[in-house]
Amino acid sequence: MQHDLKLNLSSRSTTRRHLPAGLVLLLGFALSVFWFGWQGLIFIGFIAPPLLYLASDRWGSTPSEPMRTRPLDTTATARSSGGTDPKPREPMQHARTLFQPQISTHSGMITGFSAVPACHNNMNTDMAAPLSATEIAKDETPFSHFSSLTHALHRAKTLQRTSHFPFIITCSLSTEQVDDVQLPAKLEWELDRLDIKPATLRLALPQQLCLHTPPHLIISTCRDLRTLGCGIALNGFGSGPHCIEIIQKCGVDIAIIDPSLTNDVDKHPNRRRILSAVVAMAQDSGVETLACDIRTAGEHSLLSQLGCDHVQGDGIAPPMQIQEATTWMHTHSQKLTRMPSVVGGIR
């Protein structure tokens, strides 16, 4: 029945399209015979075919079919009709920033904090588990949007206000941000707006850069960031063949050792020798070293013996919110002041 209805509509549209052209031709034929007699027939014979062709083409271009509408969203229809959605939408999540402290293996003092991204679920008031240092080094999602980096800077400013001594905030960048030629300009504007000194910010390059020769765009971006006054770190040091090249060309001042080299290093002699070579390689390049994802006191002690400059991980302190980080920072500082010190040197 639908097919018959379509044929009927098509025939009606064809009739509507050719009827005006026929009326015009008939009217012209009558007027020509009335004014010019038989000579009008010759005149009509010459001009009728072009007129008929033009008229048919003009009316043929008019849409003869009803206007097509956009297909309905089946999922929306199912929701409105009370049906079940085949792909339920996940609850909205907001980026949150936690802070994990870094301490010096030489003095035990706090040297900085790493901004660690976490997600807060609207459907649950509990804080989701923060990303580990390994995931931060490998994942592309931390601070993949500049708004997330702005949020981290805003929270970092609040944390810095509660401290009585300066420290550096380390933020991991994604490959997308490093490829953005406007990153230095955007960052300069944000730092000026938030009244944050660029020297208190360190930006960590993604680990994926260790696998390839750094392109000129990234080298230029790092040069502009250093000119701005920010520090440059490299995630995943020791995981790729181009780590030293990136340090030299991008102006890296601290190498973040790949966590796969530090996990359980105190239990594996072979891994210990590899880690010792990696630390020595960084020292020969003139950069400091940071070991992340430290879980045990044995790892911490061995890294100190090998000459690693800074350590960070759950074995020292987990990622914390600003209030918790502030409390931990003051408690740790008080512990250091209570430690006995050698006066006058060792005799």
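Here the structure is a predicted model, which is why all the values come from computation and not from measurement.

Chemist: Now, about the pairing of strand E5 (residues 231-237): what can you tell me, with residues and values included?
Modeler: Burial analysis of E5 places seven of its seven residues in the buried class, the great majority of the element. Where strand E4 (residues 201-205) and E5 come together, four bridges link them in parallel fashion. When the bridges of E5 are listed, Leu203 appears paired with Ile232. Handedness of the crossover is the feature at issue here: the chain leaves E4, passes through helix H8 (residues 216-228), returns alongside E5, and the resulting connection is right-handed. Pairing between E5 and strand E6 (residues 254-257): three bridges, direction parallel.

Chemist: Please provide a residue-by-residue account of the packing of helix H7 (residues 183-194) against H8, values included.
Modeler: Where H7 contacts H8, the two axes come as close as 9 Å, and the packing angle between them is 25°. Relative to H8, the element H7 is oriented roughly parallel. Of the two elements, H7 crosses H8, and the hand of that crossing is right-handed. Across the interface between the two elements, Leu183, Pro184, Leu187, Glu188 and Leu191 from H7 touch Thr221, Asp224, Leu225 and Leu228 from H8.

Chemist: Please set out the pattern of salt bridges residue by residue, giving values where relevant.
Modeler: Should the charged atoms of two oppositely charged side chains come close, the side chains can pair. Going through the model one piece at a time under the given rule, you end up with six salt bridges. A salt bridge links Asp180 to Lys186; the nearest nitrogen and oxygen atoms lie 2.9 Å apart. Of the charged contacts, one joins Glu245 and Lys249 as a salt bridge, the two residues approaching to 2.8 Å between their closest N and O atoms. Of this pair, Glu245 and Lys249 both sit in helix H9 (residues 243-250), four residues apart, which is roughly one turn of that helix. Given the relative accessible area of 43%, Lys249 is considered partly exposed.

Here is what the cut-offs are and how they apply
- Residues numbered from 1 in each chain as written.
- Predicted model: local features only at pLDDT ≥ 70, side-chain atom pairs only at ≥ 80, totals over all residues.
- Heavy atoms only, no water.
- Buried < 20%, exposed > 50% of the residue type's maximum accessible area, 1.4 Å probe, protein only.
- Helix = DSSP H or I, 4+ residues; strand = E, 2+ residues; numbered from the N terminus.
- Pairing = 2+ DSSP bridges.
- Right-handed = clockwise from strand over helix to strand, strands pointing away.
- Axes fitted to C-alpha atoms, helices over the stretch in contact; angles between N-to-C directions.
- Parallel < 35°, antiparallel > 145°, perpendicular 65-115°, else oblique.
- Left-handed = near helix turned anticlockwise from the far one by under 90°.
- Contact = heavy atoms within 4.5 Å.
- Salt bridge = Lys/Arg side-chain N within 4 Å of Asp/Glu carboxyl O.

Geometric values such as these leave the question of function open.
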